[in-house]
Amino acid sequence: MAEDWRHLVADKRRRQQDAIPKDWLITPPPADLLDVRTIPEHCDLLTAREIEITNTRDVVLLLRKLATAQWSAVEVTTAFYKRAIIAHQLVNCLTEIFVERALARAAELDDHLKQTGEVVGPLHGLPVSLKDQICIKGLETTMGYASWVGKYSDQDAVMTQILYACGAVPFVMTNVPQTLLWAETYNHVFGRTSNPANRKLTSGGSSGGEGALVAMKGSPLGIGSDLGGSVRYPSSFNGLYGLRPSYGRLPYAGCVNSLEGQDSSPSSLGPISGSLSGIKVFMRVVLEQEPWLLDPLCVRKKWDEEAYRLVEHGNGERLCFAMMWDDGNVVPNPPVMRAMEMTKKALEAAGHIVVDWQALKHQELYDCLASIWMAGALSDIAAVTAETGEPRITSMSPESAALVDTGVHYHPGISAYELWQLQKTRIALREEYLAHWRATAASTGTGRLVDAIIAPVAPFPPPPHGMTKISTYTLVWSALNYTCCAFPVTSVDPELDAKRLPHAFLSDADKENYEFYEGPEQFRNAPIGLQLVGSSLEEEAVIAMTEIVDAALMA
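Residues numbered from 1 in each chain as written. Predicted model: local features only at pLDDT ≥ 70, side-chain atom pairs only at ≥ 80, totals over all residues. Heavy atoms only, no water.

**Here we look at the packing of helix α12 (residues 334–349) against helix α18 (residues 539–554)**
Here comes step 1: Between α12 and α18, the shortest axis-to-axis distance is 8 Å and the interhelical angle comes to 95°. One finds that α12 runs roughly perpendicular with respect to α18. Every residue of α18 that contacts α12 at Met342, Thr343, Ala346 and Leu347 is listed here: Val549, Ala552 and Leu553.
Here comes step 2: For the contact of α12 with α18, the per-class residue count stands at six nonpolar, one polar and no charged. (Axes fitted to C-alpha atoms, helices over the stretch in contact; angles between N-to-C directions. Helix = DSSP H or I, 4+ residues; strand = E, 2+ residues; numbered from the N terminus. Parallel < 35°, antiparallel > 145°, perpendicular 65-115°, else oblique. Contact = heavy atoms within 4.5 Å. Nonpolar A, V, L, I, M, F, W, Y, C, P; charged D, E, K, R; others polar.)

Next up, the structure:
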């Protein structure tokens, strides 16, 4: 057996702490201070200019200022790095910290611009954070495994290569749960990531480090991944935008992952940002690099400007949105229902048509896909942890809390034939759902199908640590391989989100979810977001329709 996992963890934590510049350390606030989002601006570490830079949510504006040398790459990278380190001390969101390397890269970009008058690429000087599975040559990528501490990447992932080619500055890697197969963020190596709006609540997962960091304005653009909701949960729980592309649209080659070789429903890399402009510019730029020439599993599909202009959706005029108020199994808690009501009202005020969406066999879709993923998951995890004796994490609950059944159940495995039957069932369910969507043309009033579905990301606000139980609202769209974009709507309101009277419960899980929500106080300040769902490989249209929804909400 290799070195004991505890020794590896102790060494890694020491090296991580040593990587933080000593003059970037702050006096930690009291543990009972829950909302820490404003601390970076009041801790006397950031200059006024650095606050201005990091408060710039619009990624296109950041890129314009970098390209015109109004802000140098070094000062922008420094500003976001300092804010990222502050964020880390408050919510524990980082894994890999490599300040000198990132600043050296930024200096090279500044020198190139000064000498040539040209940017290196369309993301020139933009700091980009990466989920701890997107490999950077020469750095560790542990993916939450103590067993992978000390294993350094010998090459960049394809996504990292593209970011460098486009002039970006990868500058931190962010925390994940062990295995990635959780909707929260905790592992033996780096510990737990908290929600910046309320540190008693989860930041989501598995891209929870990204969600917390971007929410703290410690990164303008983060790259996560989404198997069953791992971009959408952190985006929604932190008041951000996040895209789950259909799998294969973005390059995944060179990343580490769980369930590698499971290719009937793999995960997708996707952007998380405080602005929709960040989502759009990232997708457009990456696709312009023809990533299918570097990743054989990447779909050969360039950025489609016609699709972004919504030519197939009435040119974006008088769209028909379908609201999915529940999934037939669990009715959302009051803050989520209010977000749905706000969105419907805003869209109708903007002149769009809003109808109801009837969920079809969502529990069957969930059960089928979960069974496919779990077919060999236990063996996959054991192959990693056996080397060091690292224990498999079986709950996201804090040690002081009772274990919570999250519905993630591992079993020894199934035969290849049994797996084929699951995949066959999933195909049939996908065909049935497509027919269900196609039938909406008779009732939209536009002559088209429903343009997009709007649904909760979760039927609850960001829960207390260890309490994220229901993932059917995200996983079902993964089962269908539909493109989804999470967007922020509101936050828990102590007056508007009182517990409602009981309804006729749809299931035991519905009753449990109703009882779970005791009232708004336990979710103080928690952001509430939704997701817009489009068809497979419809990323451009989904982004454009999310922009329309966002504008309606802002009006």
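**So, the environment of Arg192**
Here comes step 1: Examined against the element boundaries, Arg192 turns out to sit in strand β5 (residues 191–192).
Here comes step 2: Sequence-wise, Arg192 and Pro177 are 15 residues apart; in three dimensions their C-alpha atoms are separated by 8.2 Å.
Here comes step 3: The contact partners of Arg192, leaving out residues within four places of it in the chain, are Val91, Asn92, Glu184, Thr185, Tyr186, Met396, Ser397, Pro398 and His465.

**Details of the side chain of His362**
Here comes step 1: Among the structural elements, His362 can be located in helix α13 (residues 362–374).
Here comes step 2: Setting aside anything within four residues of it in sequence, one finds His362 in contact with Met324, Asp327, Asn329, Tyr433, Val476 and Trp477.

**Remarks on the pattern of salt bridges**
Here comes step 1: One pass over the full model with this rule turns up 25 salt bridges.
Here comes step 2: The salt bridge involving Glu41 is made with Arg83; its shortest N-O contact spans 3.4 Å. Of this pair, Glu41 sits in helix α2 (residues 39–42) while Arg83 sits in helix α5 (residues 73–91); the two residues are 42 residues apart in sequence, bridging distant segments of the chain.
Here comes step 3: Since its relative accessible area comes to 30%, Glu41 is described here as partly exposed.
Here comes step 4: Across the pair Glu75 and Arg49 runs a salt bridge whose closest N-O atoms are separated by 2.7 Å. Taken together, the residues Glu75 in helix α5 and Arg49 in helix α3 (residues 48–54) connect sequence positions 26 residues apart.
Here comes step 5: Relative accessible area serves as the criterion here: at 38%, Arg49 is assigned to the partly exposed category.
Here comes step 6: Bridged by salt links that share partners, the residues Asp11, Lys12, Arg14, Arg15, Asp18, Glu96 and Glu140 form one connected network. (Salt bridge = Lys/Arg side-chain N within 4 Å of Asp/Glu carboxyl O. Buried < 20%, exposed > 50% of the residue type's maximum accessible area, 1.4 Å probe, protein only.)

**Points about the packing of aromatic side chains**
Here comes step 1: Per the stated rule, a full pass over the model turns up 15 aromatic pairs.
Here comes step 2: Where Trp24 meets Tyr81, the ring centres are 6.1 Å apart and the plane angle is 40°; that geometry is what we call tilted. Taken together, the residues span a long stretch of sequence, with Trp24 in the loop between α1 (5–18) and α2 and Tyr81 in helix α5 at a distance of 57 residues. Each member of the pair, Trp24 together with Tyr81, is buried.
Here comes step 3: Between Phe460 and Phe516, the ring centres sit 6.2 Å apart and the planes meet at 75°, which makes this aromatic pair edge-to-face. On the criterion of sequence distance, the pair formed by Phe460 in the loop between β13 (452–456) and α16 (472–480) and Phe516 in helix α17 (residues 508–516) is long-range, its members being 56 residues apart. Considered together, Phe460 and Phe516 belong to a single accessibility category, that of buried residues.
Here comes step 4: Among the aromatic side chains, those forming a connected cluster through ring pairs are Trp357, Tyr433, Trp437, Trp477 and Tyr482. (Phe/Tyr/Trp six-rings, centres within 6.5 Å; stacked < 30°, edge-to-face > 60°.)

**Observations regarding helix α15 (residues 416–438)**
The α-helix advances 3.6 residues per turn, and as a result positions three or four apart in sequence lie on the same side.
Here comes step 1: When the terminal C-alpha atoms of α15 are compared, their 33 Å separation across 23 residues agrees well with the 33 Å that a helix rising 1.5 Å per residue should span.
Here comes step 2: Of all the residues in α15, the buried ones are Arg426, Leu429, Tyr433 and Trp437.
Here comes step 3: Tucked inside the fold, the buried residues of α15 contact α13, β13, α16 and β15 (527–533). (Expected span 1.5 Å × (residues − 1).)

**Remarks on the sheet that holds strand β12 (residues 353–356)**
Here comes step 1: One open sheet accounts for 11 strands, arranged β1-β3-β2-β8-β10-β9-β14-β15-β13-β11-β12; its pairing is mixed. Lying at the two open borders of the sheet, with one neighbouring strand each, are β1 (94–97) and β12. Averaged over all pairs of adjacent strands, the angle between their axes in this sheet comes to 30°, without regard to strand direction.
Here comes step 2: Here β13 runs beside β15; their pairing, made up of four bridges, is antiparallel. Looking at β15, one finds that Ile453 is bridged to Val533.
Here comes step 3: The strands touched by α16 within the sheet are β8 (221–226), β9 (241–244), β13, β14 (484–491) and β15, with β15 carrying the most contacts at an inclination of about 20°. (Pairing = 2+ DSSP bridges.)

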